[in-house]
Amino acid sequence: MELSERIQHLKPSVTLAAAAKANALKTQGKDILNLTIGEPDFATPENIQEAAIRAIKSGKASYYTPSAGIPELRQAIVDYTKKNYGIQYEASQAIVTDGAKFALYVLFQTILNPKDEVIIPVPYWVSYGEQVKLAQGRPVFVRGKEKNAFKVTVSQLEEVRSTKTKALIINSPSNPTGMIYDKKELQAIGEWAVKNDVLIVADDIYGRLVYNDNEFTPMAAISEAIRKQTIIINGISKTYAMTGWRIGYALGSQEIINGMISIASQSTSNPTAVSQYAAIEALTGTQEAVEEMRNAFAERLNLLYPLVSSLPGVTLNKPQGAFYLFPNVKETLLMCGYENVTKWAEDLLEETGVAVVTGEGFGAPENIRLSYATNLGTLEEAIRKMAYFIESKSQN
Ligand code: PMP
Ligand code: GLU
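It should be emphasised that the depicted structure is a prediction, and the values quoted were computed from it without experimental measurement. (Residues numbered from 1 in each chain as written. Chains lettered and ligands numbered in written order. Predicted model: local features only at pLDDT ≥ 70, side-chain atom pairs only at ≥ 80, totals over all residues. Heavy atoms only, no water.)

1. Details of the overall build of the chain
Scanning the chain from terminus to terminus reveals 15 helices and twelve strands. Viewed in the frame of its principal axes, the chain has a C-alpha envelope of about 65 × 55 × 55 Å. Scored against the burial criterion, the 396 residues of the chain give a buried share of 57%. Summarising the internal contacts of the chain: among those between residues at least 6 apart in sequence, 74% fall at separations of at least 24. (Helix = DSSP H or I, 4+ residues; strand = E, 2+ residues; numbered from the N terminus. Buried < 20%, exposed > 50% of the residue type's maximum accessible area, 1.4 Å probe, protein only. Contact = heavy atoms within 4.5 Å.)

2. What about the site of ligand 1?
The environment of ligand 1 is formed by 13 residues, the closest being Ala100, Asp203, Tyr206, Lys238 and Arg246. In this structure, Ala100 approaches ligand 1 through a main-chain N or O atom, which is 2.7 Å from an oxygen atom. In this structure, an oxygen atom belonging to ligand 1 sits 2.7 Å away from a side-chain N or O atom of Tyr206. Against a free-state accessible area of 390 Å², the protein chains account for coverage of 93% of ligand 1. Examining the composition of the shell around ligand 1, we find that three residues originate from one element, helix H5 (residues 99–111), more than from any other. (Near = heavy atom within 4 Å. Polar contact = N/O pair within 3.5 Å; in protein donor to acceptor, adjacent residues only side chain to side chain. Areas by Shrake-Rupley, 256 points an atom, 1.4 Å probe, with all protein chains shown as cover.)

3. Section: the pairing of strand E6 (residues 199–203)
Most of E6 sits inside the fold, with five of its five residues counted as buried. On E6, burial covers both faces: Leu199, Val201 and Asp203 on one face and Ile200 and Ala202 on the other are all buried. Where strand E5 (residues 165–171) meets E6, five bridges bridge the pair, whose relative direction is parallel. Within E6, the residue paired with Leu168 across the bridge is Ile200. The parallel pair E5 and E6, bridged by helix H8 (residues 183–195), forms a crossover whose chirality is right-handed. Where E6 lies against strand E7 (residues 230–235), four bridges are found, and the strand directions are parallel. Note on E7: the bridge partner recorded for Ala202 is Ile232. (Pairing = 2+ DSSP bridges. Right-handed = clockwise from strand over helix to strand, strands pointing away.)

4. Here we look at the pattern of salt bridges
Should their charged atoms come close, side chains of opposite charge can pair. Following the criterion strictly, the structure yields 14 salt bridges and no others. Here Asp41 ties to Arg300 by a salt bridge, and the two come within 3.0 Å at their closest N and O atoms. With Asp41 in the loop between strand E1 (33–34) and helix H3 (46–57) and Arg300 in helix H12 (residues 288–309), the pair connects residues that are 259 residues apart, well separated along the chain. In this structure Asp41 comes out as partly exposed when scored by relative accessible area, which is 36%. (Salt bridge = Lys/Arg side-chain N within 4 Å of Asp/Glu carboxyl O.)

5. A short note on the packing of aromatic side chains
For the structure shown, the criterion picks out 13 aromatic pairs. Taken together, the ring pairs in this structure connect Phe42, Tyr206, Phe297, Phe323 and Tyr324 into an aromatic cluster. One cation-aromatic arrangement involves Lys151 over Tyr181; the distance from NZ or CZ to the ring centre is 5.9 Å. Seen from the ring of Tyr89, Arg227 lies directly overhead, with NZ or CZ sitting 4.9 Å from the centre. (Phe/Tyr/Trp six-rings, centres within 6.5 Å; stacked < 30°, edge-to-face > 60°. Lys NZ or Arg CZ within 6 Å of the ring centre and 35° of its normal.)

6. Some thoughts on the packing of helix H14 (residues 341–352) against helix H15 (residues 376–395)
Orientation of H14 relative to H15, taken along the N-to-C sense of each, is 110°, at an axis distance of 11 Å. With respect to each other, H14 and H15 are oriented roughly perpendicular. By crossing handedness, the relation of H14 to H15 is classed as right-handed. On the side of H14, the interface is formed by Trp344, Asp347, Leu348, Glu351 and Thr352, while H15 contributes Lys385, Met386, Phe389, Ile390 and Lys393. Residue composition of the contact of H14 with H15, by class: five nonpolar, one polar and four charged. (Axes fitted to C-alpha atoms, helices over the stretch in contact; angles between N-to-C directions. Parallel < 35°, antiparallel > 145°, perpendicular 65-115°, else oblique. Left-handed = near helix turned anticlockwise from the far one by under 90°. Nonpolar A, V, L, I, M, F, W, Y, C, P; charged D, E, K, R; others polar.)

7. Quick word on the UniProt feature "domain: Aminotransferase class I/classII large" (unreviewed entry) in the chain
UniProt marks residues 30–385 with the feature "domain: Aminotransferase class I/classII large" (unreviewed entry), using the numbering shown here. In this annotation, residues 30–385 is assigned 41% helix and 14% strand; the end-to-end C-alpha distance for the span is 15 Å. (UniProt positions renumbered as here; feature names shortened; annotations may be inferred.)

8. Let's talk about the site of ligand 2
As a matter of local geometry, ligand 2 sits amid Ser13, Thr15, Leu16, Ile37, Gly38, Lys101, Trp125, Asn175, Lys238, Tyr324 and Arg369. Between ligand 2 and Lys101 there is a distance of 3.2 Å, counted from an oxygen atom to a side-chain nitrogen or oxygen. Residue Asn175 places a side-chain N or O atom 3.0 Å away from an oxygen atom belonging to ligand 2. Summarising the interface, the protein chains cover 89% of the accessible area of ligand 2, which totals 280 Å² for the free molecule. Among the residues making up the shell around ligand 2, the classes are represented as four nonpolar, four polar and three charged.

9. Considering the nonpolar core
Ranked by size, the top nonpolar core spans 78 residues in total, and within it Trp344 and Met386 carry the most contacts. At eight residues, the largest contribution of residues to this core is made by H5. Trp344 has contacts with Thr332, Leu333, Cys336, Tyr338, Ile368, Met386, Phe389 and Ile390, leaving out every residue within four places of it along the chain. (Core = buried A, V, L, I, M, F, W, Y, C linked by side-chain atoms within 4.5 Å.)

10. Focus on the environment of Gln229
Looking at where Gln229 falls in the secondary structure, it is placed in the loop between helix H9 (224–228) and E7. Owing to a relative accessible area of 12%, Gln229 belongs among the buried residues under this scheme. Separated by 218 residues in sequence, Gln229 and Lys11 have C-alpha atoms that sit 30 Å apart. The residues contacting Gln229, other than those within four sequence positions of it, are Ala193, Val194, Asp197, Val198, Leu199 and Ile200. A polar contact is formed between the side chain of Gln229 and the side chain of Asp197, at a distance of 3.1 Å.

11. So, the packing of H3 against helix H11 (residues 273–284)
With their axes 8 Å apart at the nearest point, H3 and H11 run at an angle of 140° to one another. The orientation of H3 relative to H11 falls into the category oblique. Both H3 and H11 take part in a crossing whose hand is right-handed. Taken together, the residues of H11 that come into contact with H3 (itself represented by Asn47, Ile48, Ala51, Ala52, Ala55 and Ile56) are Val274, Tyr277, Ala278, Glu281 and Ala282. Considered class by class, the residues forming the contact of H3 with H11 number nine nonpolar, one polar and one charged.

So, in structure tokens, the structure goes:
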């Protein structure tokens, strides 16, 4: 059968593919140190697990929920956003989705007509461009300079703006770089978006995973005009170690949210009921575990950063948030006698068992992404093995 053109051109998620490969090798009995996936290694906190069990036992998780999510959860999302960031929405302006990834998917389906353009800063999270294309839109990539911590500026955005520009994605803290846009940078970009009527898609999913005196400011908190120009994408996967529960959300203009709800009603019907009850507890219950996990990530970052920066040939900005390191390994490859990062990473995996994600899928072929959402022992051993691998290749 001839499949749709859409699917013929779709690039599957490289992060999920790298993780699947590492897991398959592990299942075959290989010793794998997996630094691929951006998924907390912690179990979902007890209080959240218990809320889910209560929802199952009481029977209330047995049924379809409204497509936009259960009203208590929509209210909890709005209250959480007000409490943590001072940003005000009505509960009707929130939609609960099957992960933040699906919130983005539904958003692009809602706002894009064929050939509408979405500006995507590079390096980008692997799904943005493909999701825009699935909605028949056109991703327009703008490369953040490494010396500007990979962040884009208004003059770069202005260079690629056209009459077709519909939206701009800002992901801060960023996957894969871990960099954060400060208030001044956000204000400049936000004002540019308001002036040119470009919708800002603010992917704030790593907003609570920020370390070492760095601060996260959400785009929508900058001003009322910018809030109105913004759709917030967020979720509970990363902050609450709940990747498997698949709950994300979006907040924004009623018109856009209503469109997203219609698409949800004709696609998933609703996010899994039990996960929604668990999400209420995550957002409204004790936040103790969040702080413990955040401290653990900070400790890993602070231990790992000097080790990775001192690997031969590597250049690396110190991440401020999320749980990734994104070193440039161009010089390392040359020293090791490789032309591209793909073959280097394949050999690294084959010879040492260290699994990383290569930068191509993020639009940065000179880089690799290391996730530190795994335990310290694994991380230390992986870097030791990587150092040994580089050293032995360099001598050949
Ligand atoms: N945005 C970014 C930047 C991410 O890294 C992820 C990770 N999966 C997501 C969105 C989606 O997260 P989820 O679907 O698990 O909520
Ligand atoms: N966002 C995570 C990552 O970048 C999970 C995988 C995915 O959804 O792509 O590793």
